[in-house]
Amino acid sequence: STVFKRFTPLTLFDITAADVCERFKLVLFLALLYLLGWAQVAGDATESRASLEVVRFQSLSVLGFEVVADWLKHAFVAKFNRVDASAYDAYAERVARDVVTGRRGGDAGFALDHTQAVTRRLSFPLLPLACVAVRYAALSLGWLRLSLEL
């Protein structure tokens, strides 16, 4: 649906930022599922190898299709809105500038972290993802204890 809308290079940054956040979440969730799958079959070496190969193949397939879909979406949006590819270089420069100014403290004179400005610009939800990661790590630890006791 976003392919046929009109975009300026400035509004295209929002789509690019959303895709970056989406891809990071996808990689995080796939890694957490892989960790959980490994913890569930850690006691049996033959079952562990076979099931983890299946999970690895499926995860890489999902990630590969996501990359291809995003690539096609950005290709169509850039072509139909006549956005030059150098706009993506400007986006990278803007994010890099946020990292550098975050290290110096930014406009307010202080920063919690040098990536705080990047997190704000990309609208990246850190706390919910950290909670999910901790929960999955706790689940994996419980499964690991059970599979190693058997």
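None of the values given here were measured: they were computed from a predicted structure.

**A word on the overall build of the protein**
Alright, step 1. The helix and strand inventory of the protein stands at five helices and zero strands.
Alright, step 2. Along its sequence from the N terminus, the protein presents helices and strands in the succession α-α-α-α-α.
Alright, step 3. The burial tally for the protein puts 29% of its 150 residues in the buried class.
Alright, step 4. Accessible surface, the protein as shown: approximately 10400 Å² in total, 66% of it carbon and sulfur.

**Quick word on helix 5 (residues 126-149)**
Alright, step 1. In this model helix 5 runs 35 Å from its N-terminal to its C-terminal C-alpha over 24 residues, within 8% of the 34 Å that 1.5 Å per residue would give.
Alright, step 2. Taken together, the buried positions of helix 5 are occupied by Leu129, Ser140, Leu144 and Ser147.
Alright, step 3. Looking at the buried side of helix 5, the elements it contacts are helix 1 (9-40).

**What about the packing of aromatic side chains?**
Alright, step 1. Applying the stated criterion to the full structure yields three aromatic pairs.
Alright, step 2. Note on Phe76 and Phe80: the rings are 5.8 Å apart at their centroids and 15° apart in plane angle, and the pair reads as stacked. Of this pair, Phe76 and Phe80 are both found in helix 2 (residues 45-80), four residues apart, which corresponds to roughly one turn of the helix.
Alright, step 3. Judged by relative accessible area, which is 42%, Phe80 ranks as partly exposed.

**Digging into the pattern of salt bridges**
Opposite charge on two side chains permits pairing when their charged atoms draw close.
Alright, step 1. As enumerated under the stated definition, the model contains three salt bridges in all.
Alright, step 2. Residue Lys73 is joined to Asp19 by a salt bridge in which the shortest nitrogen-to-oxygen separation is 2.9 Å. With Lys73 in helix 2 and Asp19 in helix 1, this residue pair connects regions lying 54 residues apart in the sequence.
Alright, step 3. Here Asp19 falls in the buried class, since its relative accessible area comes to 6%.

**Some points on the confidence of the model for the protein**
Alright, step 1. Averaged over all residues, the pLDDT of the protein is 82; the fraction at 70 or higher stands at 85%.
Alright, step 2. Element-level pLDDT for the protein is lowest in helix 4 (residues 116-122), with a mean of 73, against a maximum mean of 88 in helix 2.

**Some remarks on the nonpolar core**
Alright, step 1. Residues Leu12, Phe13, Val83, Tyr91, Leu122 and Phe124 are the most contacted members of the largest nonpolar core, which totals 17 residues.
Alright, step 2. Of all the elements in the fold, those that place two or more residues in this core are helix 1, helix 2, helix 3 (86-104) and helix 4.
Alright, step 3. A per-element tally of this core places helix 1 first, with seven residues.
Alright, step 4. Those residues in contact with Tyr91, other than ones at most four positions away along the chain, are Pro9, Leu12, Phe13 and Thr16.

Each value, and the rule that gives it
- Residues numbered from 1 in each chain as written.
- Predicted model: local features only at pLDDT ≥ 70, side-chain atom pairs only at ≥ 80, totals over all residues.
- Heavy atoms only, no water.
- Helix = DSSP H or I, 4+ residues; strand = E, 2+ residues; numbered from the N terminus.
- Buried < 20%, exposed > 50% of the residue type's maximum accessible area, 1.4 Å probe, protein only.
- Areas by Shrake-Rupley, 256 points an atom, 1.4 Å probe, with all protein chains shown as cover.
- Expected span 1.5 Å × (residues − 1).
- Contact = heavy atoms within 4.5 Å.
- Phe/Tyr/Trp six-rings, centres within 6.5 Å; stacked < 30°, edge-to-face > 60°.
- Salt bridge = Lys/Arg side-chain N within 4 Å of Asp/Glu carboxyl O.
- pLDDT = per-residue confidence, 0-100.
- Core = buried A, V, L, I, M, F, W, Y, C linked by side-chain atoms within 4.5 Å.

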